[in-house]
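Secondary and tertiary structure notes
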Amino acid sequence: MPSDSSALHLIQHIRDESHRFAITGHKQRRDKKRRESPLEGIPGVGPKRRRELLRHFGGWQGVSAASVEDLTKLPGISEKLALDIVAALQNG
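Nothing here was measured: the structure is a model prediction, and the numbers come from that model.

This part takes up the overall build of the protein chain. Summing up its helical and strand segments, the protein chain has 5 helices and 0 strands in all. Along the protein chain, helices and strands appear, N-terminal first, in the series α-α-α-α-α. For the protein chain, whose C-alpha radius of gyration is 23 Å, the value lies well above the compact-globule estimate of 12 Å for 92 residues. Expressed as lengths along the three principal axes of its C-alpha atoms, the size of the protein chain is roughly 75 × 20 × 20 Å. The buried share of the protein chain, taken over its 92 residues, is 22%. Here the analysis covers contacts within the protein chain between residues at least 6 apart in sequence; of these, 33% occur between residues at least 24 apart. For the protein chain, the computed accessible surface area is about 7100 Å², with 55% contributed by carbon and sulfur atoms. Taking the 16 positively charged and 11 negatively charged side chains of the protein chain as two groups, their mean positions are separated by 3 Å.

What follows is the structure, given as structure tokens:
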């Protein structure tokens, strides 16, 4: 096709739009995953407990390194919930 062909320009425009659409979708999924906390999917850990855990242990890495005994020292964290947290963070 000649470089000044309107058909070629249409094909290039379609290509550029499909790439833009795909890149935007990938960025949105990556950003969403980055904003999610590994603690969000654990039953029994709501926003308040998650905030307290992160504050006490200095981040989710600190929470994942904590033992069941360390977790149960926090008010509102039972042994069963501590076991659930440890299991979820080890598997996730």
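Another aspect to go through is the confidence of the model for the protein chain. Here the protein chain averages 85 in pLDDT, and 98% of its residues register 70 or above. Averaged pLDDT values over the elements of the protein chain bottom out at 79 in helix α3 (residues 60-65) and peak at 92 in helix α1 (residues 6-35).

Next up on the list: the environment of Leu-83. Mapped onto the elements of the fold, Leu-83 is located in helix α5 (residues 79-91). With relative accessibility at 44%, the residue Leu-83 sits in the partly exposed group. Spatially, the C-alpha atom of Leu-83 lies 8.9 Å from that of Ser-67, the residues being 16 residues apart in sequence.

Along the polypeptide, Asp-70 turns up in helix α4 (residues 68-72). Given the relative accessible area of 31%, Asp-70 is considered partly exposed. On a C-alpha basis, the gap between Asp-70 and Pro-2 in space is 71 Å, while along the polypeptide they are 68 residues apart.

All right, on to the side chain of Ser-5 then. Topologically, Ser-5 is positioned in the segment before α1. Within polar-contact distance, the side chain of Ser-5 engages the backbone nitrogen of Ala-7 at 3.3 Å.

Here is what the cut-offs are and how they apply
Residues numbered from 1 in each chain as written. Predicted model: local features only at pLDDT ≥ 70, side-chain atom pairs only at ≥ 80, totals over all residues. Heavy atoms only, no water. Helix = DSSP H or I, 4+ residues; strand = E, 2+ residues; numbered from the N terminus. Rg over C-alpha atoms; globule rule 2.2 N^0.38 Å. Buried < 20%, exposed > 50% of the residue type's maximum accessible area, 1.4 Å probe, protein only. Contact = heavy atoms within 4.5 Å. Areas by Shrake-Rupley, 256 points an atom, 1.4 Å probe, with all protein chains shown as cover. Lys, Arg positive; Asp, Glu negative; His and termini not counted. Charge placed at Lys NZ, Arg CZ, Asp CG, Glu CD. pLDDT = per-residue confidence, 0-100. Polar contact = N/O pair within 3.5 Å; in protein donor to acceptor, adjacent residues only side chain to side chain.

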